[in-house]
Amino acid sequence: MERKRSSPTIAQVNLLLLVSLVLILGGSIAMRHLSTTWTLFAREVLFILAPAILALLALRLPVREVLRVRWPGSRVLLMCALIGLGGWLIDIWLGAMFVQLLGYTVPLPPDFYPTTAGQALATFAVLALVAPLCEEVLFRGVIQRGYEQLGAWPSILIGGLLCVIFHQSLPQGLALIPLAFLLGYLTWRTNSLLSSIVVHVVNNALAALMIIVAVFALQLDVPAGQAAMPE
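On a predicted model such as this, the values are computed, not experimentally measured, just so you know.

Tell me about a nonpolar patch on the surface, and please be specific about residues and values.
A contiguous nonpolar patch, built from L15, L18, V19, V22 and L23 and spanning about 420 Å² of accessible area, is present on the exposed surface. Here V22 shows up in helix α1 (residues 10-30).

Here it is, written out as structure tokens:
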């Protein structure tokens, strides 16, 4: 009797990534009338999270096992939160360095920056909570799991590089390389997706807060593309 697979294949996760990219490109055109915040929300939930979950269900794979849905312990999560803080500081430094070396940044739409308390709350929720959850499910949850048939380290490296390429921004992508590899390692080492989610949440939350404070609380006019963009 053939043994039932407990994880996706490399071909399957590559196809999933391609489908997500196509959906994002098509969805960006279809949702051009929406605000940037709502577009980001729809992209993360409909084009990143939903395809990943639906793929696992369609393949009849054990969702909790593939995604490593387990509690790693309070101490581990506390350490992950501290790692997220350190990762954010490294992101800022690397991002500034690559912007100087490359001589350009990717401009962001003017409505990306919140001007009211409600917009600030929505922006924070999408960047700090929705994006980390959805992206970790796809990259560290499904894609890295598929590449683990090549070994732990190849899966961490390949999954991290695919995540960097997925962001489609050279300055931001280069700055995210260390964090992308770290997220993959923590997921594998702790055998829990929650570890990488916590790191990602802290990293993005600090970046989102910096944007909100600069534009909203301090009433600073931040040019598009100049603020540190969360992963």
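Back to the text.
Can you explain the environment of V13? Please cite residues and give values.
By the element assignment, V13 lies in helix α1. For V13, a relative accessible area of 1% translates into the label buried. Along the chain, V13 and V142 lie 129 residues apart, while their C-alpha atoms are 6.9 Å from each other. Setting aside residues up to four positions removed in sequence, V13 forms contacts with P8, V142, I143, G146 and Y147.

Run through the packing of aromatic side chains, naming residues and quoting values.
With the rule as written, the count across this model stands at five aromatic pairs. For the ring pair Y185 and W188, a centre distance of 5.9 Å and an interplane angle of 50° mean the geometry is tilted. Pair noted here: Y185 and W188 are both in helix α7 (residues 170-190), with a separation of three residues, about one helical turn. You can call W188 partly exposed: its relative accessible area is 33%. Taken together, W153, Y185 and W188 form an aromatic cluster joined through their ring pairs.

Criteria and cut-off values
Residues numbered from 1 in each chain as written. Predicted model: local features only at pLDDT ≥ 70, side-chain atom pairs only at ≥ 80, totals over all residues. Heavy atoms only, no water. Patch = residues over 30% accessible without salt bridge, like charges linked within 9 Å, V, L, I, M, F, W, Y side chains within 5 Å. Areas by Shrake-Rupley, 256 points an atom, 1.4 Å probe, with all protein chains shown as cover. Salt bridge = Lys/Arg side-chain N within 4 Å of Asp/Glu carboxyl O. Helix = DSSP H or I, 4+ residues; strand = E, 2+ residues; numbered from the N terminus. Buried < 20%, exposed > 50% of the residue type's maximum accessible area, 1.4 Å probe, protein only. Contact = heavy atoms within 4.5 Å. Phe/Tyr/Trp six-rings, centres within 6.5 Å; stacked < 30°, edge-to-face > 60°.

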